[in-house]
Structure formats: C-alpha cells, structure tokens
Amino acid sequence: MGIFGRKNDETPAAGTTPDTAALTGDYTIDPAHTTLGFVARHAMVTNVKGSFQEFEGTLHLDGTDPSKSTASLDIKMDSITTGSPDRDGHLKSADFFKIDEFPTMTFRSTEAEALGGEDYRITGDLTILGVTRPVTIDLEFNGAAKDPFGNERVGFEGKAEIKRSDWGVTWNAALETGGVLVSDKIKLNFDISAIKSA
C-alpha cells in the first residue's frame, strides 16, 4: 500500500488505491511511541547509541496527490541521552551541539518517492547549529491501524547516514594507537508512530 506514490506519476491518482486515499490527512508524531536514535563509533572499536527524548512533529499524507505529502520535526537538543550523564553533558557543550545557542534541531521534508513495496525515500533539510543541509532518509511503511483508544495510527521505520562535520560538529581527540575518539559518520535510526488528527 503506497503512501507517497511515485515521483513521476503522470496523474495525481496514479499509483494510489482506495486504502491509500483513506490515509490522507494530518498526523501528529506520538513521542511516547516514537524513537529518534543515533549511533556513533567510539574509539574506533565500539558503538555508542543515543536518542532524543523531547520532540514534536507532524506529517501530512496525501494519498490522492502524493507529491503534497510533507513531514516536519523539531527536536530539543537538551533532551539528548546516551546513558552517561558526563557524555551527555559534553554533547550539550560548545564542543558539540552548543545547546544554549542552538536549542533545537529541525527537519523539513522537500520531496518523497516510492522505491517499491513498502519502501520509500524522503529528502529534506536538516538544520543543526544553524547550518542547513539536505538529508535523505530511507523509510519502510509499517502499516496503519486503529488503536484501542480509537486513534488512527501510521508507522514508519527509517534510517540515514550523515557526516557530523557537514554541520560544523567537528570536535575530536586523537588516540595514541591512531585514529580518533568519535567517528565523523553518524547513523540515524527512526521508529515513528503518528496519530491522525484531521
């Protein structure tokens, strides 16, 4: 069941189904059932995983004209957590995210396309430290359902890779054995549940 449809559909209805059209509407991302995570390589030998605990976001899905579908996300940088208070404090400092000056990270979609089956790709502008650069996210549509409270939900899993240096996040420390303490490449992982609001 396609959500965004294909980029090159000749007519607005092409590639859509009655099920897809029924999903048209505005959705609010549910923080209680959503995970926005990341993974960084530490000391070149292990992975450190973290996530953001406070955020808000919306989706607009248009099953009749998929090109009008959009996504928006605002993340509070002070909510970053990696399981280590000392490390979290360092990430919030001027060495990394400068949260006093830049309290929010944002994502605004610019286009989406269907890759076949339940696989999609969404591109948008990611802003960190006041720097905006495009990011491409591969998504899998997990389906739609009505929960026990009567809410209509949709679910997605997503992943992307970025280089933190592209946004000016460049702090590092050299290791005696060679290499650096923190990888430039960061893996982003998303598990999103959104509730239909209109």
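Residues numbered from 1 in each chain as written. Predicted model: local features only at pLDDT ≥ 70, side-chain atom pairs only at ≥ 80, totals over all residues. Heavy atoms only, no water.

A separate point is the nonpolar core. With 43 residues, the main nonpolar core has F97, L126, I128, I137 and V154 as its most contacted residues. The greatest single-element share of this core, amounting to 5 residues, is contributed by strand β11 (residues 182–196). The contacts of F97, once residues within four sequence positions are left out, are M77, I80, L91, K92, F102, I128, L129 and V169. (Core = buried A, V, L, I, M, F, W, Y, C linked by side-chain atoms within 4.5 Å. Buried < 20%, exposed > 50% of the residue type's maximum accessible area, 1.4 Å probe, protein only. Helix = DSSP H or I, 4+ residues; strand = E, 2+ residues; numbered from the N terminus. Contact = heavy atoms within 4.5 Å.)

The subject of this paragraph is the confidence of the model for the chain. The share of residues in the chain with pLDDT of 70 or more is 89%, and the mean pLDDT across the chain is 87. The element-level mean pLDDT for the chain is lowest in helix α1 (residues 18–22), coming to 68, with strand β6 (residues 80–81) highest at 97. Low confidence marks residues 4–18, where pLDDT is under 50. Its contacts with residues over four positions away, or in another chain, come to 26 contacts. (pLDDT = per-residue confidence, 0-100.)

The subject of this paragraph is the pairing of strand β1 (residues 25–29). Looking down a regular strand, the side chains alternate between one sheet face and the other. The pairing of β1 with strand β4 (residues 55–61) spans 4 bridges and is classified as antiparallel. By the bridge assignment for β4, Y27 is matched with L59. Bridge count for β1 against β11 is 3 bridges, and the pairing is antiparallel. Paired with Y27 across the bridge in β11 is K196. (Pairing = 2+ DSSP bridges.)

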